[in-house]
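Commentary on secondary and tertiary structure
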Amino acid sequence: MTKVFFRPGKFAEFDQIMKSDPDNLSQLISKVKRWLLHSRWRQAQWCALSVIKRKLLSLVLLKHIEFLHTLHERSVKIEQMIAWQENIKSSRCGGVEYSAFQPTI
């Protein structure tokens, strides 16, 4: 048999448990079961909360990525329009310059 070292207060508590009557032991077992139930319930709550947080974070990141993609598309369209406008400015069609024309975005 191996030796187990306890602090003095813990050993006294352990000794009391071992020598206690069955009623006291059943009461102690019910307290331990209650503690386990509460502990598992808190753990389930934290798990559910972390899933909700993760889902919300993924939705926020998805919206942010969509927003950045939209900004990129608009900047590409603006760059294309600027290039198109510069091409129109440089070319003349029938002696009329079309540089005043600006397309809408």
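Conventions adopted
- Residues numbered from 1 in each chain as written.
- Predicted model: local features only at pLDDT ≥ 70, side-chain atom pairs only at ≥ 80, totals over all residues.
- Heavy atoms only, no water.
- Helix = DSSP H or I, 4+ residues; strand = E, 2+ residues; numbered from the N terminus.
- Buried < 20%, exposed > 50% of the residue type's maximum accessible area, 1.4 Å probe, protein only.
- Areas by Shrake-Rupley, 256 points an atom, 1.4 Å probe, with all protein chains shown as cover.
- Salt bridge = Lys/Arg side-chain N within 4 Å of Asp/Glu carboxyl O.
- Patch = residues over 30% accessible without salt bridge, like charges linked within 9 Å, V, L, I, M, F, W, Y side chains within 5 Å.
- pLDDT = per-residue confidence, 0-100.

A few words on the overall build of the protein. Counting its regular elements, the protein contains two helices and two strands. Buried residues in the protein amount to 3% of all 105 residues. Here the protein displays about 10200 Å² of accessible surface, and carbon together with sulfur accounts for 64% of that area.

Right, let's get into the pattern of salt bridges. Pairing between side chains of opposite charge can happen when their charged atoms approach one another. What the rule picks out here adds up to one salt bridge. Glu66 serves as the salt-bridge partner of Lys63, at 3.9 Å between the closest nitrogen and oxygen. Taken together, the residues Lys63 and Glu66, both in helix H2 (residues 22–90) and three residues apart, mark about one turn of the helix.

A cluster of nonpolar side chains, Leu25, Leu28, Ile29, Val32, Trp35 and Leu36, forms an exposed patch at the surface whose accessible area comes to about 510 Å². Counting through the fold element by element, Ile29 comes out in helix H2.

Considering every residue of the protein, the mean pLDDT works out to 78; 78% of them sit at 70 or more. Across the protein, the element-wise mean pLDDT spans from 52 in strand E2 (residues 96–97) up to 86 in H2.

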